[in-house]
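Structural characterization, general
Take a look at the letters that make up each chain.
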Amino acid sequence: MIVPLLLLETMNPNQSYSKKNLLLTLINAVIYSFAIFAYSAFDTVIVGLVYSVLITVTSGVLFLSVRKKYLQYPFTTYTAATYTLGTVSAVIIRILMAPH
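Now for a description of the structure that goes with this document. (Residues numbered from 1 in each chain as written. Predicted model: local features only at pLDDT ≥ 70, side-chain atom pairs only at ≥ 80, totals over all residues. Heavy atoms only, no water.)

**Re the environment of T84**
If you trace the backbone, T84 turns up in helix α4 (residues 74–97). In the structure, T84 is positioned 50 residues away from F34 in sequence and 11 Å away in space, judged by C-alpha atoms. With residues near it in sequence (within four places) discarded, T84 still touches T56 and T79. From its side chain, T84 meets the backbone oxygen of A80 in a polar contact 2.6 Å long. (Helix = DSSP H or I, 4+ residues; strand = E, 2+ residues; numbered from the N terminus. Contact = heavy atoms within 4.5 Å. Polar contact = N/O pair within 3.5 Å; in protein donor to acceptor, adjacent residues only side chain to side chain.)

**Digging into the side chain of T87**
Of note, T87 is situated in helix α4. With residues near it in sequence (within four places) discarded, T87 still touches I36, S52, V53 and T56.

**Here we look at the side chain of S33**
You can see S33 is positioned in helix α2 (residues 19–42). For S33, the side chain forms a polar contact with the main-chain oxygen of V30, separated by 2.6 Å. Ignoring any residue separated from it by four or fewer positions in sequence, one finds S33 in contact with T82, L85 and G86.

**Re helix α3 (residues 47–66)**
Its 20 residues place the ends of α3 29 Å apart at the C-alpha level, agreeing with the 28 Å of an ideal helix rising 1.5 Å per residue. Those residues of α3 not exposed but buried are G48, L49, S52, I55, T56, S59, L62 and V66. All buried residues of α3 project into a common sector of 165 degrees when viewed along the axis, lining one side. In α3, those exposed residues whose orientation departs by more than 90 degrees from the buried face are L54, V61, L64 and S65. Residues of α3 that are buried sit in contact with α1 (2–11), α2 and α4. (Expected span 1.5 Å × (residues − 1). Buried < 20%, exposed > 50% of the residue type's maximum accessible area, 1.4 Å probe, protein only. Arc of directions from axis to C-beta.)

**Side note on the packing of α1 against α4**
Working note: a packed helix pair is described by the angle between its axes plus the distance between those axes. One way to put it is that α1 packs onto α4 with a least axis distance of 8 Å and a crossing angle of 140 degrees. As judged from the angle between their axes, α1 and α4 are oblique. Contacts between α1 and α4 pair I2, L5, L6 and E9 from the former with P74, F75, T76, T79 and Y83 from the latter. Class assignment of the residues belonging to the contact of α1 with α4 gives a composition of six nonpolar, two polar and one charged. (Axes fitted to C-alpha atoms, helices over the stretch in contact; angles between N-to-C directions. Parallel < 35°, antiparallel > 145°, perpendicular 65-115°, else oblique. Nonpolar A, V, L, I, M, F, W, Y, C, P; charged D, E, K, R; others polar.)

Structure follows, in structure tokens:
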């Protein structure tokens, strides 16, 4: 569901999103990243982590291609921030909690 929205936004950039909206977007991204983190870090099945990594890479690549005009791509910016924060945190926890 996320990838089609990311691709649609690359074809149709948002011209009305402004910098004053960015703070709220990033606060929401942090909050939503907790859900990504919980699903990826603590689930005994690795599917959540694999999905999170795939979306992180996909949104990260798309974000890198539009980073200079990030205000025109709020969903890409939001998704990249959310999944990067949640996935990186989950990977760190999985490494720390792995049996040694």
